[in-house]
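Spelled out, the chains give:
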Amino acid sequence: MELHILEHRVRVLSIARPGLWLYTHPLIKLLLLPCRSRCKFFSLTETPEDYTLMVDEEGFAELPPSEFLQVAEATWLVMNVSSHSGTAVQAAGVTKIARSVIAPLAEHHVSVLMLSTYQTDFILVREQDLSVVIHTLAREFDIYREVGGEPVPVIREDSSNGLPRAQHGSSPTVHPIQSPQNRFCVLTLDPETLPSIATILIDVLFYSHSAPREAASDGLESSSIPFFAFSLIEGYISIVMDAETQKKFPSDLLLTSSSGELWRMVRIGGHPLGFDECGIVAQIAGPLAAADISAYYISTFNFDHALVPEDGISSVIQVLQRRQEGLVSEGS
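A short tour of the structure in this document, coming up. (Residues numbered from 1 in each chain as written. Predicted model: local features only at pLDDT ≥ 70, side-chain atom pairs only at ≥ 80, totals over all residues. Heavy atoms only, no water.)

Topic: empty space enclosed by the protein
Tallying each qualifying case throughout the model produces three cavities of 30 Å³ or more. There is about 60 Å³ of room inside the second largest cavity. Taken together, 14 residues form the lining of the second largest cavity, with Leu 115, Ser 116, Ala 229, Phe 230 and Ser 231 sitting closest to its centre. When contributions to the lining of the second largest cavity are tallied by element, the ones reaching two or more residues are strand E2 (41-46), strand E7 (112-116), strand E14 (228-233), strand E15 (236-242) and strand E17 (296-299). Residue composition of the lining of the second largest cavity, grouped by class: eight nonpolar, six polar and no charged. (1 Å grid on protein atoms, 1.4 Å probe; cavity = no way out; pocket = protein on both sides within 12 Å on 5 of 7 lines; lining within 4 Å. Points joined across faces, edges and corners; volume = space filled by probe spheres on them. Helix = DSSP H or I, 4+ residues; strand = E, 2+ residues; numbered from the N terminus. Nonpolar A, V, L, I, M, F, W, Y, C, P; charged D, E, K, R; others polar.)

Right, dumping it as C-alpha cells:
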C-alpha cells in the first residue's frame, strides 16, 4: 500500500455555539464561495457541544480571533492511504487503515485524528510527529510526500535515535461510548450544483441548530443529537446528516452509494478527549477492523464519532463492549 503525505497544513478549531454568529460570514465564504478563497481543505462538523473546523492555513487566515474560538496548538499534516487493486488505485478504507496505520502509531505514542469523507479517509498527525510516523510506517508502506502536486518518495532514515519505542504493556484509557438514535446518511454532491442547495445549507448549519444537549449517562442508547458534517477538500464535497435533515434537501441533487444504506453512530468519550492522548481512534477502529465491520470515522475537537451500517449496530456495540471490558480487566 501507499501512504501519501499531502501538502495541507491544517489547524483544528472549535467554535462555541453562542459565538457562531461571529463566523457566519467567513464560513459561508469557505463553504459556498471557494473561488473567493485559496482554502483547499475545509471541514465543518456540528456536534451537540460546538462546531469543529479543520482548515488549512489559507482557511484559518479567514477566521478572526475571539473568545468563542479555541485553536489546538499543533499544526496537523494530512495523510491518505491507498491500495492497488489490479491496475486501479483505490482508497484503502478505515478497516485497513486501522490495522496498518492507526495501531502502530498508537503503540509509538502518536496521536491521530481521523476524517472520513464520501471519497476517502484522511489521517491527521501533528507536524512534530512526522519523523516518528515515517520511521514507524516505512516498512509497511511506500511513502510519498506531495510537493507542488507531485508525489516525491520519502527516504526512510535508518537512525532511530530519539524516537519512542512501542510500548505494548501500557493500557489506554477506557472511554465510554453512546449510540444516539439518529439514522445517518453519507452523501456527496456535484460542486457545480452547490449553489442549488445554498439556502438550505445555510439554514441547517446556522439557523435551525438545536440547543446543546448532554449525552445520556444512564445508558448506552441516548436520544437523537444534532450532528452535521460538511467537507470541501480539493474540490470534492462530502456530507453527513441524519435522515430527518436529509428531507429538507432536494433528493435529485444529493448522491449516495447504490445501496443507499443508513448508518448509526457510536460516540466516544464521556468528557472532552483532548489531543495528547494516544490510542483513542485505535480503541474503536481496531476492534471494528478485526471484525471486518466497515466504519466511517470523524474526529472532532472534543469527541470522536464512528458511523457503522444500521443493521450492524448491535454487533458493533457488543464488539466494543467486549473490548472495553478487556481493557478494564488488563488495567485492574
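Notes on the packing of aromatic side chains
Inspection of the entire model under this criterion finds three aromatic pairs. On the basis of an interplanar angle of 85° and a centroid distance of 5.8 Å, the ring pair of Phe 184 and Phe 227 is categorised as edge-to-face. Of the two residues, Phe 184 is situated in strand E12 (residues 184-189) and Phe 227 in the loop between strand E13 (221-222) and E14; the sequence distance between them amounts to 43 residues. Take Phe 227: its relative accessible area is 4%, and that puts it in the buried class. Ring centres 6.3 Å apart and planes at 55° place the aromatic pair Trp 263 and Tyr 296 in the tilted group. Here Tyr 296 lies in strand E17 and Trp 263 lies in strand E16 (residues 263-268), a separation of 33 residues in the sequence. Taking relative accessible area as the criterion, Trp 263 reaches 11% and is therefore assigned buried. On the basis of relative accessibility, which here comes to 6%, the residue Tyr 296 falls in the buried class. For Arg 11, the ring lying beneath its charged end belongs to Phe 60, and the centroid distance is 5.0 Å. One residue, Arg 267, lies across the ring of Phe 303, its end atom 4.4 Å from the ring centre. (Phe/Tyr/Trp six-rings, centres within 6.5 Å; stacked < 30°, edge-to-face > 60°. Buried < 20%, exposed > 50% of the residue type's maximum accessible area, 1.4 Å probe, protein only. Lys NZ or Arg CZ within 6 Å of the ring centre and 35° of its normal.)

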